[in-house]
There are 2 protein chains.
Amino acid sequence: MSNHVRIALDAMGGDHGPAVVVAGAALAHERHPDTRFFLFGHEDAVRPELQRHARLADAARVVHTDVAVRMDDKPSQALRQGRRKSSMWMAIEAVRQGEASVAVSAGNTGALMAMAKICLKTMEGIDRPAIGALWPTIRGESVVLDLGASIGAEAHHLVDMAIMGAAMARVVFDLDRPTVGLLNIGVEEVKGVEEVREAGRILRELDLPDLEYFGFVEGDDIGKGTVDVVVTEGFTGNIALKAAEGTARQIGEYLRAAMSRTWRARLGYLLARNALQTVRDRMDTREHNGGLFLGLNGVVVKSHGGTDAYGFANAIDLGYDVVRHDLQHRIAAGIARHAAGLEQRVQREAAS
Amino acid sequence: MSNHVRIALDAMGGDHGPAVVVAGAALAHERHPDTRFFLFGHEDAVRPELQRHARLADAARVVHTDVAVRMDDKPSQALRQGRRKSSMWMAIEAVRQGEASVAVSAGNTGALMAMAKICLKTMEGIDRPAIGALWPTIRGESVVLDLGASIGAEAHHLVDMAIMGAAMARVVFDLDRPTVGLLNIGVEEVKGVEEVREAGRILRELDLPDLEYFGFVEGDDIGKGTVDVVVTEGFTGNIALKAAEGTARQIGEYLRAAMSRTWRARLGYLLARNALQTVRDRMDTREHNGGLFLGLNGVVVKSHGGTDAYGFANAIDLGYDVVRHDLQHRIAAGIARHAAGLEQRVQREAAS
């Protein structure tokens, strides 16, 4: 095949459906002309949007489907009604078949993960996939996972996540040995839930070549950028992410109000507008849109459901980068090395 | 007795010990001259600090103790070494004895909670205490709990927390029927962990007179101020709080950097300085310092360990307000009403 990156889109996913997905694809295609798109969705809804983007139209194929997963469907419902025939499923299926290298959807997270697991299966050595995302920090960016793929985690799930997150950080940040921290409510070894402490012990003992285990980190360490990779289970991860997003929005509101209260402040705002805009950009959730499903035999990216075309294009870009940098195989290699390390440890213990 | 509010301070608690605690007490005493203080701690460390604050010295009594709980002691260690004789224990004991109306400590949270539970005991009808704090929001402030008193929670623990948090909100915000939300990873009833969904069902059915159950809220609803009271278990609560604090600090850093990059931005900063300061003040963690222990037979406030005198004074103020508004009895009344509601429900079900 050609050197194109072929991308399968669930055109019906998200709060705004094809309007945002197609416009986002057009934007991503402008940035990366070597992309080709499959748009899975209802023709009557997708084609009119596509007509507005002539250049994308030349690089895209619409694949019609009647069925769309709703944002509030339970995963079981979505599977019952949408397996093999919904736009979401077909986008993932295109990855499984090798027709596309990555699937992107702004649809319902639970349904997307359930379908991706069934269709693509988890990688050998991985029990459960996780969702990893980039988080802006004072130092730059970090990978945070899991952002809601599954609730609760055993120690070995957390260890798997450390390995998957490190693989993502190696690729996305171009690091040899990213630092990894386990999110906890105190940095002392005695604190927190048993699974987290156990995972810490395992990571310290394993001393893996691909990651440097840092220890426990607390909620405020995420924004500080204390480590390259922050590992936590999905419930906490989702809430930490949204609490941070909420705080950013809140400060934005405070600033808006404060900067318009007096003429001095208004004048100051005019002068500092560009500077304030750079801050706004750095905290813009659209800039970091895109959760990467880690641990599956195929690349799937989840976009925020309520995002706009700009945000959706960034989610596509994340998928593009992952494909261009071959993350999939590098994670698999990391897991294989980990498995070897575990085996050696077992042998050592048996011999002693 | 007089109409003074008598406050017991663990003078050895926190990262900075007596220097911060005594200076904080002096500040609180200036704001509320009707306060009287017991300072529990090592005389040699406390007296020199007290000499710097003549007015406080007239309103304070130093009670000597050799033992101080360390910030990294495990609760079990702290109890073994500090029960009945540490500054932390003695501050709580003063509340139990009725010598003081509130104890304030910036010491180790786990040890403080363990000692408070043993010394004061939980209120009738409450299994486990929780830590509630005020969180700044776009609308004003909300109560968030639990911020780390205990990890994990059954449905009935979450229901108890809803009641305790609502009692705190009634008093602190002067509301008749505060709205209460359960923190979850999605607002749909189908999502999240079973305990949270079960707690939601119970709260909806109970339809308590003292609180209006709103439903699930997500992490970003905290900063929006969607509800007056946000309920979650302690691990998640602590991490959400610290993630938000980290984000606030991060944006502060971004702003500082951006506002000094060009002469236009610097000039803009000078003009808008007061406006920016009001935003900084609203997000200042010292402004909202102080976690209130809810569900105990006595008032205990936990200050952030790393805070300064200004922050510690605010933690004292929280305790002062609670005492002046008789929160203790109003929580007890709320729980009693809740117990009655449960009984009625059981009777209704038995009759049907």
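Residues numbered from 1 in each chain as written. Chains lettered and ligands numbered in written order. Predicted model: local features only at pLDDT ≥ 70, side-chain atom pairs only at ≥ 80, totals over all residues. Heavy atoms only, no water.

A. Representation of the interface of chain B and chain A. Taken together, the 50 residues of chain B in the interface contact 50 residues of chain A. Across the chain B/chain A interface, buried area totals approximately 5,000 Å², and carbon plus sulfur atoms make up 74% of it. Sorting the residues of chain B by area buried against chain A places B:Ile185, B:Tyr254 and B:Leu271 first, and these three jointly supply 14% of that buried surface. Summed over the shared surface of chain B and chain A, the result is four salt bridges. Linking B:Lys242 and A:Glu218 is a salt bridge whose minimum nitrogen-to-oxygen distance equals 2.4 Å. Contributions of two or more residues to the side of chain B that touches chain A are made by helix H9 (219-224), helix H10 (234-258) and helix H11 (263-283) of chain B. By residue number, the principal contributor to the side of chain B that touches chain A is H10(B), which donates 18 residues. Looking at the side of chain B that touches chain A, its residues break down into 27 nonpolar, 12 polar and 11 charged. (Contact = heavy atoms within 4.5 Å. Buried area = accessible area lost by both parts, 1.4 Å probe. Salt bridge = Lys/Arg side-chain N within 4 Å of Asp/Glu carboxyl O. Helix = DSSP H or I, 4+ residues; strand = E, 2+ residues; numbered from the N terminus. Nonpolar A, V, L, I, M, F, W, Y, C, P; charged D, E, K, R; others polar.)

B. Spatial organisation of the environment of B:Ser260. Residues and elements named next belong to chain B. Tracing the backbone through its elements, the reader meets Ser 260 in the loop between H10 and H11. A residue is classified by how much of its surface remains accessible, and Ser 260, at 41% relative accessible area, is partly exposed. A sequence separation of 253 residues divides Ser 260 from Ile 7, and the C-alpha atoms of the two residues are 44 Å apart. Of note is the side chain of Ser 260, whose polar atom sits 3.2 Å from the backbone oxygen of Arg 256. At 3.2 Å, the side chain of Ser 260 forms a polar contact with the backbone oxygen of Ala 257. (Buried < 20%, exposed > 50% of the residue type's maximum accessible area, 1.4 Å probe, protein only. Polar contact = N/O pair within 3.5 Å; in protein donor to acceptor, adjacent residues only side chain to side chain.)

C. Representation of the relation of the copies chain B and chain A in the model. Between chain B and chain A, the superposition needs a rotation of 180° and an axial shift of 0.0 Å, giving an RMSD of 0.0 Å. In symmetry terms, the pair is related by a two-fold rotation axis. Among all residues of chain B, the one whose C-alpha sits closest to the rotation axis is B:Gly268, at a distance of 1.8 Å. (Least-squares fit on C-alpha atoms with pLDDT ≥ 70 in both.)

D. How the structure looks around helix H1 (residues 18-31) of chain A. All names here are of chain A. If you check H1, its first and last C-alpha atoms are 20 Å apart, about what 14 residues at 1.5 Å a residue would give, namely 20 Å. The element H1 is extensively covered by neighbouring structure, given that 10 of its 14 residues are classed as buried. Among all positions of H1, only Pro 18, Val 20, Val 21, Val 22, Ala 23, Gly 24, Ala 25, Ala 26, Ala 28 and His 29 are buried. Those residues of H1 hidden inside the fold are in contact with strand S1 (5-10), strand S2 (35-41), helix H2 (43-51), helix H3 (54-58) and helix H12 (309-324). (Expected span 1.5 Å × (residues − 1).)

E. View of the packing of aromatic side chains. In total, this model carries two aromatic pairs over all chains according to the counting rule given. Each ring, one from A:Phe38 and one from A:Phe40, has its centre 6.3 Å from the other, and the planes form 25°; the classification is stacked. Exposure remark for A:Phe38: the relative accessible area of 10% places this residue in the buried category. Note on A:Phe40: relative accessible area 5%, which makes it buried. The ring centre of B:Tyr254 lies 3.8 Å from the NZ or CZ of A:Arg282, which sits over that ring. (Phe/Tyr/Trp six-rings, centres within 6.5 Å; stacked < 30°, edge-to-face > 60°. Lys NZ or Arg CZ within 6 Å of the ring centre and 35° of its normal.)

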